[in-house]
Amino acid sequence: MSITNTALLTGAAANVYTSSGNSVVSTLHICNFSATAQTVNVYIVPSGTEANSTNIIYSNVSIASYNTYVVDKEKFILSNNDSIRANANSASTVSVSVTYTGM
């Protein structure tokens, strides 16, 4: 099992994880480390495409100040070069930690 961490920016969705081969993403921890609520979007993006309304999985999720939104009930199976991307309404206020395992 491996972990990757990314601080989110505003605007275009940033890569928070790209699969190398086939992998299973078991958890996402989306942490708001600021004093104000933040809004986050998360996408599962097939290889060769961009984050958009057809692959958004969490839209405008509000995370209260100094709180973490945990996704651990669902498992995402990704093929080679598929990615998880995300953005927030304020730069450098939210981080995303991804736990994954290669298949």
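Details of the structure are given in the entry above.
Reading guide: rules and limits
Residues numbered from 1 in each chain as written. Predicted model: local features only at pLDDT ≥ 70, side-chain atom pairs only at ≥ 80, totals over all residues. Heavy atoms only, no water. Helix = DSSP H or I, 4+ residues; strand = E, 2+ residues; numbered from the N terminus. Rg over C-alpha atoms; globule rule 2.2 N^0.38 Å. Buried < 20%, exposed > 50% of the residue type's maximum accessible area, 1.4 Å probe, protein only. Contact = heavy atoms within 4.5 Å. Areas by Shrake-Rupley, 256 points an atom, 1.4 Å probe, with all protein chains shown as cover. Pairing = 2+ DSSP bridges. Axes fitted to C-alpha atoms, helices over the stretch in contact; angles between N-to-C directions. Polar contact = N/O pair within 3.5 Å; in protein donor to acceptor, adjacent residues only side chain to side chain. Core = buried A, V, L, I, M, F, W, Y, C linked by side-chain atoms within 4.5 Å.

Trainee: Could you give me a rundown of the overall build of the protein, with the residues and numbers involved?
Mentor: Each helix and strand counted, the protein has zero helices and nine strands in total. Counting from the amino terminus, helix and strand elements in the protein follow one another as β-β-β-β-β-β-β-β-β. The C-alpha atoms of the protein give a radius of gyration of 13 Å, which matches the 13 Å a tight globule of 103 residues would have. For the protein, the proportion of its 103 residues judged to be buried stands at 39%. Partitioning the intrachain contacts of the protein with sequence separation of at least 6 by distance along the chain shows that 81% fall at a separation of at least 24. Accessible surface, the protein as shown: approximately 5300 Å² in total, 51% of it carbon and sulfur.

Trainee: Outline the sheet that holds strand E2 (residues 14-18), listing residues and values.
Mentor: Reading across the sheet, the four strands line up as E2-E8-E4-E5 and stay open at both edges, with antiparallel pairing between neighbours. Every other strand in the sheet has two partners, leaving E2 and strand E5 (56-63) as the edge strands with one partner each. The average undirected angle you get between the axes of adjacent strands in this sheet is 20°.

Trainee: A description of the environment of Val42 should follow, citing residues and the corresponding values.
Mentor: Residue placement: Val42 occurs in strand E4 (residues 38-45). Taking C-alpha positions, Val42 is 4.4 Å from Ala86, a pair spaced 44 residues apart along the chain.

Trainee: Please provide a residue-by-residue account of the side chain of Arg85, values included.
Mentor: Residue placement: Arg85 occurs in strand E8 (residues 83-88). A distance of 2.8 Å separates the side chain of Arg85 from the side chain of Asn15, its partner in a polar contact. For Arg85, the side chain forms a polar contact with the side chain of Glu50, separated by 3.2 Å. With residues up to four places along the chain from it excluded, the contact list for Arg85 reads Ala13, Ala14, Asn15, Val16, Asn41, Val42, Tyr43, Val45, Thr49, Glu50 and Ala51.

Trainee: If you had to explain the nonpolar core to someone new, which residues and values would you point to?
Mentor: Counting 21 residues, the largest nonpolar core has Leu8, Val25, Leu28, Val40, Val42 and Ile84 as its most contacted members. Excluding residues that lie within four positions of it along the chain, Leu28 makes contacts with Val42, Tyr69, Val70, Val71, Phe76, Ile84, Val96, Ser97 and Val98.

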